[in-house]
Amino acid sequence: MKNDDDDDNTVIEAELTSSKLLSKEKPDSERTYTCYSVLVTLIGLAVRLVKISFPKAVVFDEVHFGKFASLYLERKFFFDLHPPLARLFFALIGFLVNYDGSFKFDYVGQDYIENDQILAPFLIYRVSNALVGTLIVPLIFNCLKELNCYAITCLFGSLLFALDNAQICQTRYIFLDSLLQLSIIATIYCYIRFYKYEVVTKRVFDYEWYKRLILVGVSLSCAISCKYVGVMTYATVGIAVVFNIFQLFGKLKGKQHSSVFVKHFVERLNYLVMLPFLIYLFWFFVHFQILKYDDNSESEFLSETFQDSLIPNESFITRYDQYQVRYYDNITIRHDFSDIFLCSDGYSEQTLSLFGSLGDNDTSVCVWQILPDIQEDDFDSDTVLSLNENVRLKNVETGKFLASVSNIEEGIENRFHMLGPHKMTSDLYENTLFALLPLREVDLGHVVSSNKTVFKIFNFMEESTMFIDGDLNNSTKQNATQRQPIYANKDMTKLDFAYNDWKIDEIVGIDNQREIEPFEREYQSYNFFSKWSELQKAMFMYNNDLSADHAFASDPSSWPLSLKGVLYWTKAENRNQIYLIGNILAWWFEVFSTLLYVILVILWLVLPKYTKKLINYDTREVIRGPLAFFIVGWACHYLPFYCMQRQKFLHHYLPAQMITCLFTAVFWESIISNIDENKGSNNTKTKLIRKKLTSYYMFILIPIISCFIFYAPIIYGWPILEPEQIRQREWFDIELYFK
């Protein structure tokens, strides 16, 4: 049998970064590591499970993620911004306890218990999430252990996470973040083990190497399948992999420099990109297989073809008054984004106006007859209207036609007008022709139905769509009777904006026969990749639109110092409140550690000779190895939020904060152990370093634990604080109630 050691395809001859650091023996016994790991895990579990049933009411985003679990169990389609894995986890928990999904988590503060009857398995959901959050603690511990840190350092780093107020609060409720962060830390742990195996054994392409590489890919796929923040984890590992590849390119020799390098690249591409993507797609496949039924309100902004792939719920067809629209029907047209109606401006020849409501206005000027582009005597009035067909819109009250005409009458440009029959010259006729364009090309030719089909009203002559100015939209909602102009959007780059979207609200005076025979949608298959692609585009578009103000939204610059939190739940009659905030002293200490690291790196670059005298070789290895990896991970999970326009909250920083727990522990061990290498034997140095580390960590942990206890009442919601005690906790921009 051939010895693998003789095969140059399986051995790395050159040393890679941190080889000596990772090749060292662990400074403590396995028993010590195990005892400390069990201890910190039990602490993390205890602080997450204590009185977890409180409050017995919906808390913050439980209103979303609890509802999604219920809809999974009812197999009703819903739309969300996040990939399905974490939501599927809660649905599985509900399925295992035979929950039917009848409780819909309608609003924050809704009671889970009514007349002594538990309406939803909220406690099981919360405990399951807390257990997932607790698993992060031993993974942090073992990440540090794999880096050959002292057991006391592993304990310190994992305690920074286990006793963090924000991390505890976020893992006690029905949120997605626990599974997301577990996937992120699992990815970091698996990558450390993979890299360590490669640099220590110098063996590649064997069974153990592939196993560790595949585990990295699976963990990556879980991260991005929980939330799209997982892309930031891809960036973290991607930067490390690219660095590793460049090292191999520079250090592989002989035949390794070509064929083996290509193999390194291809294997990483296969298992760190292709494999995670396939697993990611698998969860969407499961998602679509479960959600087979349409609830209309959740799918109405997706394509008609997408909706046709769902089995319609008979109740909503009648409830939403959905009928196929036919030519010569009298209809009302409603703006899909703002729910205001298209109405003519009486008998005026000038611009159109909008009504915010049909209730207190002259409804006759809001009714339109939909006519074919060419009126023929033998045109069948039962012909069904389809998307992308040319139509004319005639106002029933005035008898005038909707037209898109610029520079007429009083010279008002880019407005829609009303043209009477006496002005209907051949030159202007085409200005009255409009196409009802589908939102997506896949819907070209699809039947239009009332209160369902969304379209854009497009005039080919003027090449413009009918839209409502976004600045006027809010004021129109506030003053329903105020008339606002409709604009002609001639910028085709803005064709996809929601301000261009309309729908037929109702068919006025529908006859009895059609009244008892509403539109029955036929099920049509829609291939997986088209369905997935359309949903992805809708998710990203909607995510970018989440820019509305929120009382507890915060700027990313305030996150590292935990200057402002989020109110999750409050109950005025009992003066209870739950407020998300970090362990402020711990977060400030982590920021301080990061700044010190940056200063050391700058000194290293500017004064290399001086730095070599100040910092020994082992510490320099840590600075350019594990610490660089963690600082890149922190930056990848934090800095991109500055580029996002959507709403942002403190809990978005939690993955980055988790990584700073690893960074801080490794940083201070490297600094404290930076002693004279010639001072005593190895055993003596190890004992001295361990003693110094223990003293230092205890000194730091005392105020951190005190801060955790001080802020515990507002993350648990109990015990109830007196007004003076509440005011004492209002540091920085923290805004509490009942003070």
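Residues numbered from 1 in each chain as written. Predicted model: local features only at pLDDT ≥ 70, side-chain atom pairs only at ≥ 80, totals over all residues. Heavy atoms only, no water.

A short note on the overall build of the chain
Selection rule: Put simply, DSSP H or I for four residues or longer makes a helix, DSSP E for two residues or longer makes a strand, and each gets a number counted from the N terminus. Categorising residues by exposure relies on relative accessible area from a 1.4 Å probe, with only protein chains included: less than 20% of the type maximum marks a residue as buried, more than 50% marks it as exposed, and the intermediate range marks it as partly exposed. Here, two residues are considered to be in contact whenever any of their heavy atoms come within 4.5 Å of each other. Throughout, the Shrake-Rupley method with a 1.4 Å probe supplies accessible areas, and for residues the shown protein chains are the sole cover considered.
Summing up its helical and strand segments, the chain has 24 helices and 18 strands in all. Within the chain, the proportion of its 739 residues that are buried is 55%. Within the chain, contacts between residues at least 6 apart in sequence are counted, and of these 77% link residues at least 24 apart. As displayed, the chain has an accessible area near 32,200 Å², and 57% of this comes from carbon and sulfur atoms.

As for the side chain of Thr 236
For clarity, the threshold we go by: Counting of polar contacts relies on pairs of N or O atoms within 3.5 Å, with two restrictions inside protein: one atom must be capable of donating a hydrogen and the other of accepting it, and residues adjacent in sequence are counted only when both atoms are side-chain atoms.
Turning to its location among the elements, Thr 236 is positioned in helix α10 (residues 230-251). Here Thr 236 falls in the buried class, since its relative accessible area comes to 2%. There is a polar contact of 3.0 Å between the side chain of Thr 236 and the backbone oxygen of Met 232. When sequence neighbours within four positions are dropped, the list of residues in contact with Thr 236 reads Phe 629, Val 632, Gly 633, Cys 636 and His 637.

Some thoughts on the pairing of strand β10 (residues 401-404)
Both faces of the sheet carry side chains from a regular strand, because those side chains alternate between them. Spelled out, the test is: Between any two strands, at least two bridges found by DSSP are needed for them to pair.
Residues Phe 401 and Ala 403 point to one face of β10 and Leu 402 and Ser 404 to the other, with burial holding for every one of them. For β10 and strand β11 (residues 416-419), the ladder comprises 4 bridges, and the chain directions are antiparallel. Paired with Leu 402 across the two strands is Met 418, which belongs to β11.

Focus on the nonpolar core
The condition that has to hold: We call a set of buried residues a nonpolar core when its members are Ala, Val, Leu, Ile, Met, Phe, Trp, Tyr or Cys and they connect through side-chain atoms within 4.5 Å of each other.
Counting 173 residues, the largest nonpolar core has Phe 105, Ile 185, Ile 188, Tyr 191, Leu 535, Tyr 568 and Phe 630 as the members making the most contacts within it. A per-element tally of this core places helix α8 (residues 177-201) first, with 15 residues. Not counting residues within four places of it along the chain, the set of residues in contact with Leu 535 comprises Phe 77, Phe 79, Phe 284, Phe 288, Leu 302 and Phe 306. Counting residues in each nonpolar core, the second largest holds 29 residues, with Leu 393, Met 418, Ile 468 and Trp 502 among its members.

Concerning the state of the cysteines
Definition in use: When the sulfur atoms of two cysteines come within 2.5 Å, that pair is taken as a disulfide.
For the structure shown, the criterion picks out 1 disulfide. Cysteine Cys 190 shares no disulfide, and the gap to the nearest cysteine sulfur, in Cys 143, comes to 8.5 Å.

With respect to the packing of α8 against helix α21 (residues 626-638)
We apply this condition: Angles shown run from 0 to 180 degrees and are taken between the N-to-C directions of axes, each axis being a line fitted to C-alpha atoms and, for helices, limited to the stretch in contact. When describing relative orientation, an angle under 35 degrees is termed roughly parallel and one over 145 degrees roughly antiparallel, while 65 to 115 degrees is termed roughly perpendicular and anything else oblique. A clockwise turn of the near helix away from the far one marks a right-handed crossing, whereas an anticlockwise turn of less than a right angle marks a left-handed crossing. Put simply, Ala, Val, Leu, Ile, Met, Phe, Trp, Tyr, Cys and Pro go in the nonpolar bin, Asp, Glu, Lys and Arg in the charged bin, and everything else, Gly too, in the polar bin.
Where α8 meets α21, the closest approach of the two axes is 13 Å, and the angle between their N-to-C directions is 155 degrees. It follows that α8 is roughly antiparallel to α21 by the angle criterion. Considering the relative orientation of α8 and α21, their crossing is right-handed. Each of Ile 184, Ile 188, Tyr 191 and Ile 192 in α8 lies in contact with α21, whose residues at this interface are Phe 629, Phe 630 and His 637. A class-by-class count of the residues in the contact of α8 with α21 yields 6 nonpolar, 1 polar and no charged.

Some thoughts on unusual backbone geometry
Each neighbour pair has its own omega, and for Phe 54 with Pro 55 the value is -5 degrees, a cis peptide bond. Here the amide bond leading from Trp 718 into Pro 719 is cis, since omega sits at -10 degrees, within 30 degrees of zero. If you trace the backbone, Pro 719 turns up in the loop between α23 (682-716) and α24 (723-728). Unlike most non-glycine residues, Lys 202 shows phi in positive territory, near 60 degrees. Within the secondary structure layout, Lys 202 lies in the loop between α8 and α9 (207-226). Using a relative accessible area of 25% as the deciding quantity, one classes Lys 202 as partly exposed. In this structure, Asn 388 is a non-glycine residue whose phi angle is positive, near 80 degrees. The residue Asn 388 is located in the loop between β8 (368-372) and β9 (390-395) in this model.

Section: the packing of aromatic side chains
The geometry of an aromatic ring pair is captured by the separation of the ring centres together with the interplanar angle, meaning the angle of the planes. Put simply, the test is: We call Phe, Tyr and Trp rings a pair once their centres come within 6.5 Å, taking the six-membered ring for Trp, and we label the pair stacked below 30 degrees between planes, edge-to-face above 60, and tilted otherwise.
Considering all chains together, one arrives at 64 aromatic pairs under this definition. Seen from their ring centres, Phe 60 and Phe 649 are 6.4 Å apart, and the 80 degrees between their planes marks the pair as edge-to-face. Remark: Phe 649 occurs in the loop between α21 and α22 (654-672) and Phe 60 occurs in the loop between α2 (30-49) and α3 (62-74); sequence separation between them is 589 residues. Using a relative accessible area of 12% as the deciding quantity, one classes Phe 60 as buried. Taking the relative accessible area as the measure of exposure, Phe 649 reaches 6% and is therefore buried. The interplanar angle of 75 degrees and the centroid separation of 6.2 Å between the aromatic rings of Phe 552 and Tyr 579 together place this pair among those described as edge-to-face.

Side note on a nonpolar patch on the surface
Here is the rule we go by: A patch consists of residues exposed above 30% relative accessible area that lack any salt bridge, with like charges linked at up to 9 Å and nonpolar side chains (Val, Leu, Ile, Met, Phe, Trp, Tyr) linked at up to 5 Å. Criterion for a salt bridge: a side-chain nitrogen of Lys or Arg within 4 Å of a carboxyl oxygen of Asp or Glu.
Together, Val 598, Ile 602, Leu 605, Val 606, Leu 607, Tyr 610 and Leu 614 give the surface a local cluster of nonpolar side chains, amounting to about 700 Å² of exposed area. With respect to the helices and strands, the residue Ile 602 is situated in helix α18 (residues 584-606). Residue Ile 602 is classed as partly exposed on the basis of its relative accessible area, which comes to 46%.

Concerning the pairing of strand β17 (residues 566-571)
Where β17 meets strand β18 (residues 576-580), 5 bridges bridge the pair, whose relative direction is antiparallel. For Trp 569, the partnering residue across the bridge sits in β18 and is Ile 578. Linking β17 to β18, which pair antiparallel, is a turn of 4 residues; within it Arg 575 sits at a positive phi near 60 degrees.

What about helix α4 (residues 85-96)?
Put simply, the rule reads: To estimate the expected span of a helix, count its residues, drop one, and scale the result by 1.5 Å.
For α4, built from 12 residues, the straight-helix expectation of 16 Å at 1.5 Å per residue is met to within 8% by its first-to-last C-alpha distance of 16 Å. Among the residues making up α4, those that are buried are Leu 85, Ala 86, Arg 87, Leu 88, Phe 90, Ala 91, Ile 93 and Gly 94. Along its buried surface, α4 packs onto α3, α5 (122-146), α8, α9 and α11 (259-290). Following α4 by one or two positions, Asn 98 has its phi on the positive side, about 60 degrees.

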